[in-house]
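# Results of the structural survey
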Amino acid sequence: MHEQLWTISFVIFLAAVLLNAAQVILALVLKKAGRTDSPGWLRWMRGAGNVLIGLGMAGLTATIAAEWRALGYPPFSNVPESMLWMAWGFCAVYFVSRIFVGFTGMELGASVGAVGILAVSSLFPQGSHPLMPALQSKWLVFHVFTCMVSYGAFFAAFCTAILWLAIWRKRESQKVLDVLAYQLMAFGFLALTVGIISGSVWAKQAWGRYWGWDPKETWSLITWFVYGIYLHFRMAGAQFGVKRENLPLLNAIFAIAGFVVVAFTYFGVSYLLVSLHSYATS
Amino acid sequence: MKTPDETAQDPSPAAPSAADPSGRTGKPGWVRRIIRGLRSIRFAIILMALIAAASLVGTLIEQGPYNPDAAIARYGRALGLLIGLLGLNQLYSAWWFLGLLALLALSVAVCTFSGARFSLRKTFTLITHASILLIVAGAILRGIAGVDGMLALEKGQMAGGFEVEGATAPVPLGFHLRLDDFLIRYYEGTGDSLEVRLGEAGQTLTIPVEVGKVVPLNRDGAKLEVLRRVLDFKMDENGQILSAPEQQPDNPAVQVRLTGPAGESKRWVFAVHPEFEGHAPDAAGIHLRYIFRPPAVKSYESHVTVLDENGNKIREAVILVNSPLNVGRYTFYQASYNTKTMGTILEVTHDPGVPLVFAGFILLPLGVALAFYAKPLLNRKGRGDA
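For clarity, every value in this text was computed on a predicted model and none was experimentally measured.

### Concerning the overall build of chain B
- When its secondary structure is counted, chain B shows 7 helices and 17 strands.
- A total of 386 residues make up chain B; the buried ones form 38% of that total.
- Taking all contacts inside chain B whose residues are at least 6 apart in sequence as the whole, residues at least 24 apart take part in 52%.
- If you sum the accessible surface of chain B, you get close to 21600 Å²; carbon and sulfur atoms cover 58% of it.

See below:
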C-alpha cells in the first residue's frame with residue numbers, strides 16, 4: 001500500500017515539475033515579448049502548480065502513515081524511509097516560506113527538489129527491517145524528524161543558491177533569493193540544533209554518554225559549525241575583507257558547500273565510515 | 001521582502017561609551033587587546049573552522065591506540081609518523097584539540113560577559129552563548145567528578161562494586177546488584193527458514209527453522225522435521241560433524257528428516273551450497289533450500305534485583321537498551337553480553353554534570369530561536385518607533 005502511495009506522490013510531483021516548467025517558460029516568453037503584467041491564465045497555472053505540490057506533500061504524508069501502520073513502528077530506520085521525511089520537510093519549508101514569509105515564484109524549484117529527493121531515495125536498498133533495540137525509543141521520531149526537516153531546509157537553501165547563481169544572478173530577484181537562502185539556512189540551523197540536542201539526550205539514555213565523537217555525531221557537529229560560521233560571517237564578512245556587494249555571492253557558495261557537508265553527513269557517513277549510526281546500511 | 005537584521009550589523013571591538021569616552025576601563029592595554037581579540041567574530045569564525053577541520057580529520061583516521069608499524073603500513077611513512085606526533089589517532093582527546101575547544105569556550109565567555117550594555121536584543125545572543133557555556137561546564141564537571149565503569153554479571157551472581165579503568169580495586173556501589181536472568185528476545189518470523197518446493201512446478205512453502213518441530217507438507221501425508229542446525233558444517237576424519245555454539249556462520253546447514261508414503265529419508269541442506277545434495281529432489285520430488293538469516297533481536301533484557309548492603313531486597317528491575325536503571329548516584333545501562341556464558345555486561349556511570357548540560361540543552365534552541373525571530377522583530381519595531 002505504501003509503495004503505491006509513494007508512486008502516486010512521485011507522479012504528482014513529476015506533473016508539478018512539468019506544469020511549473022511550462023509556466024516559467026511561458027512567463028519568460030511573455031516577458032521577452034514585452035508583456036509586463038501576468039495574465040490570469042498564467043497565475044492560474046502557478047496556483048495549479050502549488051496545488052500539485054500540496055497534493056504531493058499530502059501523498060507523502062499518506063505514504064508515511066501507511067508505512068508506519070504496516071511496520072508497527074515509525075519509518076525512520078533506513079535511508080529511503082528517512083528521505084521520505086526529508087522530502088516532506090522540504091515541502092513544508094517551501095509552503096511556510098510561501099505562505100507565512102511571503103516568498104513566491106519558487107514553484108519549479110520546489111517541485112524539482114521534491115522529485116530529486118524521491119528519485120535519490122529510490123537508488124538505495126528498499127525494504128524495512130524490524131527495529132533493533134537501540135532504535136526502540138520515543139526519541140527516534142523527534143530526533144530523526146528534526147534532523148530531516150533541517151536537511152530539507154538546507155536542501156531548499158541549496159536549490160535557492162543554485163537558482164541565484166544560474167538564473168537570477170543579473171536580476172533584481174537575486175536580493176530576494178539571497179534573503180530566502182538566509183532564512184532557510186537560519187531555520188535549518190535551528191532545526192539541526194534541536195536535532196543534535198535530542199540525539200545527545202537519546203545517546204545518554206541509550207549509551208550512557210551525550211557525546212562520543214562517533215563519525216555521525218562528529219559530522220553533524222561539522223555541519224552545525226559550517227552553518228554557524230555562515231551565520232556569523234553574515235555579520236563579520238567585512239573583517240575578512242569581503243566587500244558588501246560580494247556578500248550574496250559568498251552566501252550562495254556557503255549554501256551550496258553547506259549542503260555538500262549535509263549530504264556527506266547523511267550518506268557518506270552511513271556508507272563510507274563505520275559508525276554507531278550505521279543503521280541505514282543494515 | 002525580509003531583510004536579515006544581521007547584515008546591518010558589523011560589531012566592531014569595544015567602542016568608547018558615554019560613561020568612559022576614552023574607551024579605557026582601567027585595564028592594561030594588552031588585556032584590552034586580548035579581550036578585543038577574544039570577542040572578535042573573526043576569531044570565533046577561525047576557531048570554528050579549525051575545530052570543524054580537525055574533527056573531520058578524526059573521522060578519516062582510525063581512532064585508537066597508536067601502532068607505528070600499522071599506521072605506516074596503512075597511511076604511508078610521512079602520514080603514519082605525523083599521526084603519532086600529533087596524536088591524530090586519539091584526536092578528540094589530544095591536547096591541541098582540547099585547547100582549541102577551550103579557546104572557543106573562552107571566546108564565547110568573553111563575548112557573553114564582557115563590554116556591552118544590557119539590552120533586550122543582546123539578551124537573546126547572551127542566552128545562546130551562555131547555554132553553550134553551560135554545556136561545556138557540564139562536560140567539564142563530568143570529566144572531573146564523573147565516574148564511568150563496567151559491571152559484568154553471570155546469572156545468579158551478585159556484585160557490590162564495578163570496574164573502572166585505571167582503578168586498582170572495584171569502585172563500591174553502596175548497594176548490591178544481582179543478575180537474576182539475562183534474556184535475548186527475537187522478533188517472530190525472523191531468522192532461518194527452509195523453502196520447500198513440492199515438485200517442479202509445485203507449491204513453495206516457507207517454514208521457520210525450529211529444531212524438533214514436525215511440519216506437515218500437505219502432500220500425501222509428507223512431513224518434515226528439522227533434526228539439527230549447525231553454524232559451520234565440518235566433518236572430522238571419522239565422519240563426525242563438528243558443532244559448537246560459538247562457531248562463525250561460515251557454512252550454515254540444517255539436517256532434516258522427510259517422512260511420507262515413500263518412506264523416510266534424512267539429508268543435510270546447506271545455505272551457502274544449495275546445489276549440494278539438498279537441492280536435488282528426493283524420490284518424492286521435494287526440493288529444499290535453506291536460507292540462513294540470523295533472527296532480528298527485539299530486546300536485550302537484564303533482570304536484576306537491587307539489594308542493600310545487608311542483602312535485603314530493595315527492588316527488582318529490568319534493564320533494557322534505552323531503559324537504564326537508576327539506583328542512588330549510579331545509572332546502569334545495557335551495554336553488551338557474554339556470548340558464551342550469556343551473562344550481562346552493564347555500563348555504570350555517575351554524571352554530576354547532567355543538570356548543567358540539560359539546562360544548556362533547553363536554553364540553546366530557545367536562544368537561537370529568539371535571536372533569529374524575536375530580535376529582527378524588535379529591531380524593526382525600534383526603527384519604526386524612531
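### Overview of the overall build of chain A
- If you tally the helices and strands in chain A, you get 8 helices and 0 strands.
- Element order for chain A, N to C, with α for helix and β for strand: α-α-α-α-α-α-α-α.
- Here the C-alpha atoms of chain A give a radius of gyration of 20 Å, agreeing with the 19 Å that 2.2 N^0.38 yields for 282 residues.
- On the principal axes, the C-alpha backbone points of chain A span a range of 65 × 55 × 30 Å.
- Evaluated residue by residue, chain A yields a buried proportion of 57% over its 282 residues.
- Residue pairs in contact within chain A that sit at least 24 positions apart in sequence constitute 78% of those at least 6 positions apart.
- Surface summary for chain A: the accessible area is close to 11800 Å², and the carbon and sulfur share equals 71%.

### Some remarks on empty space enclosed by the protein
All names here are of chain A.
- As enumerated under the stated definition, the model contains 4 cavities of 30 Å³ or more in all.
- In this structure, the second largest cavity is lined by 15 residues; those nearest its centre are Tyr-94, Met-106, Ala-156, Thr-160 and Leu-180.
- Considering each element in turn, the lining of the second largest cavity owes the most residues, 5 residues, to helix α3 (residues 79-101).
- Broken down by class, the residue content of the lining of the second largest cavity amounts to 11 nonpolar, 3 polar and 1 charged.

### Points about unusual backbone geometry
- The phi torsion at A:Trp213 lies on the positive side, around 55°, for a residue other than glycine.
- Along the chain, the position of A:Trp213 falls in the loop between α6 (173-207) and α7 (215-236).
- Although it is not a glycine, B:Asn322 sits at a positive phi angle of roughly 75°.
- Its location among the elements puts B:Asn322 in the loop between β14 (313-319) and β15 (325-327).

### What about the nonpolar core?
- A:Phe13, A:Met86, A:Met185, A:Trp224, A:Phe225 and A:Phe259 are the most contacted members of the largest nonpolar core, which has 111 residues in total.
- Per-element accounting of this core gives the leading share, 16 residues, to α6(A).
- Beyond its immediate chain neighbours, meaning those up to four positions away, A:Phe13 contacts A:Ile53, A:Gly56, A:Met57, A:Leu60, A:Cys91, A:Ser111, A:Ala114, A:Val115 and A:Leu118.
- Counting residues in hydrophobic clusters, the runner-up holds 23 residues, among them B:Val164, B:Leu325, B:Val327 and B:Leu346.

### What about the interface of chain A and chain B?
- Every contact between the two is made by 51 residues of chain A and, on the other side, 52 residues of chain B.
- With both sides pooled, the region where chain A packs onto chain B buries about 4600 Å², and carbon together with sulfur makes up 70% of that total.
- At the junction of chain A with chain B, the criterion picks out 1 salt bridge.
- The residue B:Asp351 makes a salt bridge to A:Lys204 at a minimum N-O spacing of 3.3 Å.
- Taken together, chain A and chain B are joined by 11 residue pairs in polar contact (both at pLDDT 80 or more).
- Among the secondary structure elements, those contributing two or more residues to the side of chain A that touches chain B are α6 and α7 of chain A.
- Examining the composition of the side of chain A that touches chain B, we find that 19 residues originate from one element, α6(A), more than from any other.

### Quick look at the pairing of strand β16 (residues 330-337) of chain B
Residue and element names in this part refer to chain B.
- In the sheet, β15 pairs with β16 via 3 bridges, with the strands oriented antiparallel. Opposite Asn-326, over in β16, you have Thr-331 as the bridge partner.
- Hairpin connection of β15 to β16: 2 residues between the antiparallel strands, including Gly-328 at a positive phi of 60°.
- As judged from the 6 bridges shared by β16 and strand β17 (residues 344-350), these two strands associate in the antiparallel manner. Paired with Phe-332 across the strands is Val-348, a residue of β17.

### Topic: the packing of aromatic side chains
Residue and element names in this part refer to chain A.
- One pass over the full model with this rule turns up 38 aromatic pairs over all chains.
- Taking 5.8 Å as the distance between ring centres and 90° as the angle between the ring planes, the aromatic pair formed by Trp-211 and Trp-213 counts as edge-to-face.
- Centre to centre, the rings of Trp-219 and Phe-264 are 4.3 Å apart; their planes meet at 45°, and the pair counts as tilted. One end of the pair, Trp-219, is in helix α7; the other, Phe-264, is in helix α8 (residues 247-272), with 45 residues separating them in the sequence.
- Taking the ring centre of Tyr-210 as reference, the NZ or CZ of Lys-204 above it sits at 5.3 Å.

### Here's the deal with the sheet that holds strand β13 (residues 297-307) of chain B
Residue and element names in this part refer to chain B.
- Reading across the sheet, the 4 strands line up as β2-β3-β13-β14 and stay open at both edges, with antiparallel pairing between neighbours. In the strand order of this sheet, the two ends are held by β2 (158-162) and β14, each with one partner. Neighbour to neighbour, the strand axes of the sheet diverge by 35° on average, direction disregarded.

### Looking at the confidence of the model for chain B
Residues and elements named next belong to chain B.
- Of the residues in chain B, 86% reach a pLDDT of 70 or more, and the chain-wide mean stands at 84.
- Contacts from residues 1-23, a stretch scored under 50 in pLDDT, to residues over four places away or in other chains number 38 contacts.
- Here the complex is predicted with pTM 0.83, and the ipTM for its interfaces comes to 0.86.

### Digging into the sheet that holds strand β7 (residues 223-230) of chain B
Residue and element names in this part refer to chain B.
- Spatially, β6-β7-β10-β11 is the arrangement adopted by the 4 strands of the open sheet, whose pairing is antiparallel. Looking along the sheet, the strands with just one partner apiece sit at the ends: β6 (214-216) and β11 (263-270). Ignoring strand direction, the axes of neighbouring strands in this sheet form an average angle of 25°.
- Where β6 and β7 come together, 3 bridges link them in antiparallel fashion. Pairing of Val-215 across the sheet is with Leu-224, part of β7.

### What about the environment of B:Glu225?
- Inspection of the secondary structure puts B:Glu225 in strand β7.
- Once residues lying within four places of it in the same chain are set aside, the contact partners of B:Glu225 are B:Gly212, B:Lys213, B:Val214, B:Gln255, B:Val256 and B:Arg257.

### Re the environment of A:Ser38
Residue and element names in this part refer to chain A.
- Inspection of the secondary structure assignment puts Ser-38 in the loop between α1 (2-32) and α2 (40-71).
- Given a relative accessible area of 27%, Ser-38 falls into the partly exposed group.
- Separated by 169 residues in sequence, Ser-38 and Trp-207 place their C-alpha atoms 58 Å apart.
- The contact partners of Ser-38, leaving out residues within four places of it in the chain, are Arg-43 and Arg-46.

### Observations regarding helix α4 (residues 107-121) of chain A
All names here are of chain A.
- Between its terminal C-alpha atoms α4 stretches 21 Å, which fits the 21 Å expected from 15 residues at 1.5 Å a residue.
- Along α4, the positions that sit buried rather than exposed are Glu-107, Ala-110, Ser-111, Gly-113, Ala-114, Val-115, Ile-117, Leu-118 and Ser-121.
- Where α4 is buried, its residues touch α1, α2, α3 and α5 (139-166).

Cut-offs used in this document
- Residues numbered from 1 in each chain as written.
- Chains lettered and ligands numbered in written order.
- Predicted model: local features only at pLDDT ≥ 70, side-chain atom pairs only at ≥ 80, totals over all residues.
- Heavy atoms only, no water.
- Helix = DSSP H or I, 4+ residues; strand = E, 2+ residues; numbered from the N terminus.
- Buried < 20%, exposed > 50% of the residue type's maximum accessible area, 1.4 Å probe, protein only.
- Contact = heavy atoms within 4.5 Å.
- Areas by Shrake-Rupley, 256 points an atom, 1.4 Å probe, with all protein chains shown as cover.
- Rg over C-alpha atoms; globule rule 2.2 N^0.38 Å.
- 1 Å grid on protein atoms, 1.4 Å probe; cavity = no way out; pocket = protein on both sides within 12 Å on 5 of 7 lines; lining within 4 Å.
- Points joined across faces, edges and corners; volume = space filled by probe spheres on them.
- Nonpolar A, V, L, I, M, F, W, Y, C, P; charged D, E, K, R; others polar.
- Core = buried A, V, L, I, M, F, W, Y, C linked by side-chain atoms within 4.5 Å.
- Buried area = accessible area lost by both parts, 1.4 Å probe.
- Salt bridge = Lys/Arg side-chain N within 4 Å of Asp/Glu carboxyl O.
- Polar contact = N/O pair within 3.5 Å; in protein donor to acceptor, adjacent residues only side chain to side chain.
- Pairing = 2+ DSSP bridges.
- Phe/Tyr/Trp six-rings, centres within 6.5 Å; stacked < 30°, edge-to-face > 60°.
- Lys NZ or Arg CZ within 6 Å of the ring centre and 35° of its normal.
- Axes fitted to C-alpha atoms, helices over the stretch in contact; angles between N-to-C directions.
- pLDDT = per-residue confidence, 0-100.
- Expected span 1.5 Å × (residues − 1).

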